[in-house]
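Remarks on the overall topology
This is what each chain is made of:
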Amino acid sequence: MDAAKAIIILLVKPDLEPDCIIASDTYNFRDKARLMAIPTTSGTGAEATWAIVLTDTNENRKLGLGTTECMPDVAILDPVMVTGMPTQITADTGMDVITHAIEGYVSTWGTSITEGPGLIATRKTFEYLPKAHKNGDDLEARKEMQNAAILGGMSFGNSMAGLGHSTGHALGALFHVPHGRAVGLFLPYTIEYIINGSEETTAKYAEMARFCHIASGSDKECAKALVAKVRAMANEIGQPLSVKDCGIDKAKYEEAVPGLIDRALNEVMTMTVTRVPGEEDLGKIFRYAYEGKSVDF
Ligand SMILES: [Fe+2]
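All values derive from a computational prediction rather than experimental measurement.

Turning to the overall build of the chain, a few remarks are in order. The secondary structure content of the chain amounts to 10 helices and 4 strands. For the chain, the α and β elements follow one another from N to C terminus as α-β-β-β-β-α-α-α-α-α-α-α-α-α. For 297 residues, the compact-globule formula gives about 19 Å, and the C-alpha radius of gyration of the chain, at 18 Å, lands near that figure. Taking the principal axes of its C-alpha atoms as reference, the chain extends roughly 55 × 45 × 35 Å. Within the chain, the proportion of its 297 residues that are buried is 52%. Across the chain, the fraction of contacts at a sequence separation of at least 24, relative to all contacts at a separation of at least 6, is 73%. If the 28 positive side-chain charges of the chain are averaged to one point and the 39 negative ones to another, these points end up 4 Å apart.

Quick look at the structure:
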């Protein structure tokens, strides 16, 4: 779907380089064609966003592009299209959904319009991702994950993703970890980081935990329960809980940390959270996530 959004622009500008697609330009490709999105995974929510993520294989980086024109005209959600999705891809893309939903919900660019879809998508993912993972032919679970994915897209697509995405993108680009697996891995660490520095967002995480019937009690307890629930679900569907679990060599990772920090700092999603980390904190987050250590700073 992301490729289609970039390719359709070539209809009107055949010589355009992908990294020159910018939000402020007008392309008017609809004189020639329309964009219809039929997702075959339940993850990116690209059927409901104008975002385009492409991989620059020469420079080992992900390009985050887009223009509002690239919002699909039509999205068709048919659970039959995803029943054949392999177990590992169900897990990876499902972790992308939970990350969009939670990050879209707490984004500093969010509004009450993005909060509703974020809440529902989070609750549905906790309930149905393990079921869809366990039995790919469970049409109800597949349908609810498809709905959760588009709701997650509507949430972060109208606000912004957050730190789990900027750190996860960096890991994905340098170590070729699939998008959803990478962002989902960093999600609990980055929530912990924000809990430690923002009462405002801690209260929002707590609201989510209560809405999902995960916990009751103080904001801090509920927010921490949300983190624990993300980790428990990831574990249940066989996802890595640390960078080490991804099979990445420690020395190679350590060598890459400055590059990881640099990439994360260049992402807008590092700035759309209530606790914006600098170079030093990002380095610590990357190192804690390698070891699987809860963020305590
Ligand atoms: Fe994502």
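Alright, that's what it looks like, and here's the rest.
Once that is clear, we can look at the environment of phenylalanine 156. Summarising the element assignment, phenylalanine 156 is placed in helix α4 (residues 139-157). The class of phenylalanine 156 is buried, set by a relative accessible area of 13%. In this structure, the C-alpha to C-alpha distance between phenylalanine 156 and isoleucine 214, residues 58 residues apart in sequence, is 22 Å. Contact partners of phenylalanine 156, with chain neighbours within four places excluded, come to Thr44, Thr49, His100, Gly104 and Ala161.

With that settled, the discussion passes to the pairing of strand β3 (residues 61-66). Taken together, the 6 bridges between strand β2 (residues 51-56) and β3 define a ladder with antiparallel strand orientation. Across the sheet, leucine 54 pairs through a bridge with leucine 63, a residue of β3. What sits between the antiparallel neighbours β2 and β3 is a turn of 4 residues, in which asparagine 60 has the positive phi angle 55 degrees.

Once that is clear, we can look at the packing of aromatic side chains. For the coordinates displayed, the defined rule picks out 5 aromatic pairs. Pairing tyrosine 253 with tyrosine 290 gives two aromatic rings, centres 5.0 Å apart and planes at 35 degrees, and the pair type is tilted. In this pair, tyrosine 253 is assigned in helix α9 (residues 250-265) and tyrosine 290 in helix α10 (residues 279-291), connecting sequence segments 37 residues apart. The same class applies to tyrosine 253 as to tyrosine 290, namely buried.

Next up on the list: the domain arrangement of the chain. Taken domain by domain, the chain comprises domain 1 (2-75) and domain 2 (86-291). Spacing between the C-alpha centres of domain 1 and domain 2 amounts to 24 Å. In this complex, domain 1 contributes 15 residues to the contact, which on the side of domain 2 involves 20 residues. Between domain 1 and domain 2 lies a buried interface of about 1,300 Å² when both sides are counted; carbon and sulfur atoms form 58% of it.

Positive phi outside glycine occurs at asparagine 28, with the angle close to 50 degrees. Among the secondary structure elements, asparagine 28 is positioned in the loop between α1 (2-10) and β1 (36-37). The class for asparagine 28 is partly exposed, based on a relative accessible area of 45%. Positive phi outside glycine occurs at histidine 213, with the angle close to 55 degrees. On the basis of relative accessible area, histidine 213 is assigned to the exposed category, the value being 66%.

The rules behind each value
- Residues numbered from 1 in each chain as written.
- Predicted model: local features only at pLDDT ≥ 70, side-chain atom pairs only at ≥ 80, totals over all residues.
- Heavy atoms only, no water.
- Helix = DSSP H or I, 4+ residues; strand = E, 2+ residues; numbered from the N terminus.
- Rg over C-alpha atoms; globule rule 2.2 N^0.38 Å.
- Buried < 20%, exposed > 50% of the residue type's maximum accessible area, 1.4 Å probe, protein only.
- Contact = heavy atoms within 4.5 Å.
- Lys, Arg positive; Asp, Glu negative; His and termini not counted.
- Charge placed at Lys NZ, Arg CZ, Asp CG, Glu CD.
- Pairing = 2+ DSSP bridges.
- Phe/Tyr/Trp six-rings, centres within 6.5 Å; stacked < 30°, edge-to-face > 60°.
- Domains from an automatic or database assignment.
- Buried area = accessible area lost by both parts, 1.4 Å probe.

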